Amino acid sequence: MRASQLFAPTLKETPAEAEVISHQLLLRAGFIRKAAAGIYTFLPLGWRVLKKIENIVREEMDRAGAQELVLPILQPAEVWQESGRWELYGEEMFRLKDRHGRSFCLGPTHEEIITALVRNEVNSYKQLPLLLYQIQNKYRDERRPRFGLLRGREFIMKDLYSFDRDEAGLEESYWKMYTAYSNVFRRCGLKFRAVEADTGAIGGNFSHEFMVLADTGEARVVFCPSCDYAANVEIAQSVPQPLHTPDEQLPLKKVSTPGKRTVEEVCAYLGVVPQRLIKTLLYEADGQLVAALVRGDRELNEIKLQNALGCQKLKLAEPEQIRKIFGVSVGYVGPVGLEGIPIYADLEIPYLVNAVAGANADDYHWVNVNPGRDFLPANVVDLREVRVGEPCPRCGHPLEGCRGIEVGQIFKLGTKYSEALRATYVDEKGKERPIVMGCYGIGISRTMAAAVEQHHDEKGIIWPVSIAPYQVVVIPVSVKDPLLREEAERLYKELEAEGVEAVLDDRDERAGVKFVEADLIGYPLRLTLGNRTLSQGTVDWKWRKNQEEEAVPREGLGRRVKEAIQKSLEELNAPGT
RNA sequence: CGGGAUGUAGCUCAGCUUGGGAGAGCACCUGCUUUGGGAGCAGGGGGUCGCAGGUUCAAAUCCUGUCAUCCCGACCA
């Protein structure tokens, strides 16, 4: 490609609307343009990157035995009504009607439509297992699209669905995908980590997320440097840490704590450490009130609570509501004598001796509260948010933390959708069984943005060679000089003949402009031809990711570049790097 | 959906407080010079000031409404 022909409009200044670095750089370097909030046009450079990522994904899915197909974006309401998600999905689904008034949606995901397909076409155990996938647009009417490509309303996704005879088959498909996903992100040149994850609204009971590690990531992850434990903090666990308080149980006593509502205020007033407090939070779970207890120095993890309750909607109860029902302000609620609602206590609560808790009366707390004696926590479950430094639940080594961008997630679905949509097969014994399913997604456009978040510097993008829009840029410092121009032209043709993806910057621009744009766009390798080097029979060779530039012989350069690109691609291809 | 902010040329923004000429830099076009890190000089084109009402002799500027965009939160495979 000649830079003079390339449609890659660059911007000198950062558009005001872009906050995150990937958004800024992709706009500035001419990879994308915004059409509406969360909706983007992919310009030629951006589209080339997407296709590179797609092809890596495609190769790895095919290698895992999957088959590519294309499902409709425009989907009839019926299948969604069958699964019950027409109602559940809510506002996030783009809905529309045809001229006859029939309801449709733009597919936010494709479990329904593919399950409906498979139930008609798969009848026998002989047809299983089956792995089917597609790469296409998804539509979700996000309440707040943001961060450029990282959270759009229209985005490109690879979604794969596995269909197995039984749990054992699903297990095999799941780990096949785990391996395939690891291969994909490694080959894309990304530092990533697979972490245990919440299954959320999609259902199912087992899941991993693939996180591209970046400080700007929204997701927080904890991992163990000693064993292989790694999890999203949404579900991460650690060993409960009992207090070393071998005190004898003292008699329960009500004390006045006027105006002291928060943990800090109560601790300061009573002269106790926050670890000795029982924090009581009242939640409304699908309309029903529940109490959740964690230690005063801990944070409650709402996802854990929601999973423990098995509810759809969970929110903190309103202070007015609490006052109406219990006649007490939020700061003075406590588990002792709290009648009529279920109590969920964190694993650390039963270890407490002579704790402090709200007395369910304004301006009073109980001291010497002893779980088991003074109240019965009916449900003791893991509720607290894990913190870095706590012991790994597997091996006890202190956990470390990092941030990540979720680029993929794999789920064991089980029979949730096959039962709802009656997708069954007949086994060897002639018995009808529900197909056991899994689903597996990769955000293709998000991966592109995540790559930029992870690989950039103050000058611009630094594409990993495997997903760069072009591998090499050839820069003649002046095209007015016929010798330079011809030599650059020759080198460009040589590279093309070797199958190297090259851009020749044949524009009549100053060298500085070409360098700055090359750095911004992020070509992995830059070859510069100037008068100095020309007379010496060399070319200046510089990797985008390195600082140093070196003069290399012009002779045989095409082949040398080919080999160097090949070598870096192979390094990414090799497992275990 | 709650809170905050912003809409003026392709991009970044000034002008608005205190109403009267639509501006700057970059980008674009022409010419000359320049050519190893976003050049210089000269000339030129380009904007219903988001949109709709209102106040006024007069509105980018004041008022009301509305739409869009961004940020925080809530939400979120």
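As shown above, the structure is provided for reference.
So, here's what we can say about the structure. In this text the structure is predicted, and so the values were computed from the model without any measurement.

Things to note about empty space enclosed by the protein
Thought 1: If you walk through the whole model with that rule in mind, you get one cavity of 30 Å³ or more.
Thought 2: Approximately 50 Å³ is the volume found for the largest cavity.
Thought 3: In terms of lining, the largest cavity is formed by Val473, Ala518, Asp519, Tyr523, Arg526, Lys542, Trp543 and Arg544.
Thought 4: Taken together, the elements giving at least two residues each to the lining of the largest cavity come down to helix H13 (511–521) and strand S30 (538–543).
Thought 5: Residue composition of the lining of the largest cavity, grouped by class: four nonpolar, no polar and four charged.

Examining the pairing of strand S29 (residues 525–529)
Thought 1: Across the five residues of S29, five count as buried, placing the element largely inside the fold.
Thought 2: The alternating pattern of S29 places Leu525, Leu527 and Leu529 on one face and Arg526 and Thr528 on the opposite face, and all of these are buried.
Thought 3: Bridging between strand S27 (residues 472–476) and S29 involves five bridges; their strand directions are parallel. Of the residues in S29, the one forming a bridge with Val473 is Arg526.
Thought 4: Here S29 runs beside S30; their pairing, made up of four bridges, is antiparallel. By the bridge assignment, Arg526 is partnered in S30 with Lys542.

Digging into the pairing of strand S19 (residues 364–369)
Thought 1: With five of six residues buried, S19 is to be regarded as a mostly interior element.
Thought 2: Pairing geometry for strand S13 (residues 253–256) and S19, over four bridges, is antiparallel. When the bridges of S19 are listed, Ser256 appears paired with Tyr364.
Thought 3: Pairing of strand S18 (residues 355–358) with S19, which is carried by three bridges, proceeds in the antiparallel orientation. Residue pairing for S19: Gly358 is matched across the bridge by His365.

With respect to the layout of surface pockets
Thought 1: Approximately 360 Å³ is the volume found for the second largest pocket.
Thought 2: Together, 20 residues line the second largest pocket, and Lys279, Thr280, Leu281, Val330 and Gly331 are the ones closest to its centre.
Thought 3: When contributions to the lining of the second largest pocket are tallied by element, the ones reaching two or more residues are helix H7 (263–270), strand S14 (278–285) and S18.
Thought 4: A per-element tally of the lining of the second largest pocket places S14 first, with five residues.

What to know about the sheet that holds strand S20 (residues 379–381)
Thought 1: Strands sit in the order S16-S14-S15-S17-S20 across an open sheet of five strands; the sheet is mixed. At either margin of the open sheet sits one strand with a lone partner, and together these are strand S16 (314–316) and S20. Each neighbouring strand pair of the sheet contributes to a mean axis angle of 30 degrees, computed without reference to strand direction.
Thought 2: The pairing of strand S15 (residues 288–295) with strand S17 (residues 343–346) spans three bridges and is classified as parallel. Paired with Ala292 across the strands is Tyr344, a residue of S17.

What to know about the sheet that holds strand S6 (residues 103–106)
Thought 1: Strand order in the open sheet formed by three strands is S4-S6-S5, with antiparallel pairing between adjacent strands. In this open sheet, the two strands that pair with only one neighbour each are strand S4 (74–76) and strand S5 (95–97). Sheet twist, expressed as the mean angle between neighbouring strand axes with direction ignored, is 40 degrees.
Thought 2: As defined by bridge partners, S4 adjoins S6 across three bridges and the pair is classed as antiparallel. Looking at S6, one finds that Pro76 is bridged to Phe104.

Notes on the pattern of salt bridges
Thought 1: Counted under the stated rule, the structure contains 47 salt bridges.
Thought 2: Ionic pairing is found between Lys304 and Asp382, a salt bridge with its closest N-O pair at 2.8 Å. Taken as a pair, Lys304 in helix H8 (residues 302–309) and Asp382 in the loop between S20 and strand S21 (400–414) lie far apart in primary sequence, 78 residues in all. Comparing Lys304 with Asp382 shows no difference in burial state: the two are buried.
Thought 3: In this structure, Glu571 and Lys567 form a salt bridge, with 3.8 Å as the shortest nitrogen-oxygen distance. In this pair, Glu571 and Lys567 are both assigned in helix H15 (residues 557–573), four residues apart and thus about one turn of the helix distant.

What counts and how
- All residue numbers refer to positions counted from 1 along the written sequence of the respective chain.
- To read the labels, note that chains go from A and ligands from 1, taken in the order they are written.
- Restriction of local features to residues with pLDDT of at least 70 applies here, the model being predicted, together with a cutoff of 80 or more for giving and counting side-chain atom pairs; totals for whole chains, interfaces and linings are based on all residues.
- Heavy atoms from the whole structure form the basis of all side-chain values; hydrogens and water molecules are not counted.
- Lining residues are defined by having an atom within 4 Å of a point belonging to a cavity or pocket. Those points lie on a 1 Å grid over the protein atoms alone, cavities being sets where a 1.4 Å probe fits but cannot get out and pockets being open sets with protein on both sides within 12 Å along at least five of seven lines.
- Grid points are joined across faces, edges and corners, and a volume is the space filled by probe spheres set on the points.
- Secondary structure is summarised from DSSP: a helix means a run of H or I of at least four residues, a strand means a run of E of at least two, and numbering begins at the N terminus for each.
- For this classification, the nonpolar set comprises Ala, Val, Leu, Ile, Met, Phe, Trp, Tyr, Cys and Pro, the charged set comprises Asp, Glu, Lys and Arg, and every other residue, Gly included, is treated as polar.
- Type-normalised accessible area, obtained with a 1.4 Å probe on protein chains alone, sets the label of each residue: buried when under 20%, exposed when over 50%, and partly exposed for intermediate values.
- For two strands to count as paired, DSSP must find a minimum of two bridges between them.
- Only C-alpha atoms enter the line fits that serve as axes; for helices the fit covers just the stretch in contact. Angles between N-to-C directions range over 0 to 180 degrees.
- A pair is scored as a salt bridge if a Lys or Arg side-chain nitrogen falls within 4 Å of a carboxyl oxygen belonging to Asp or Glu.

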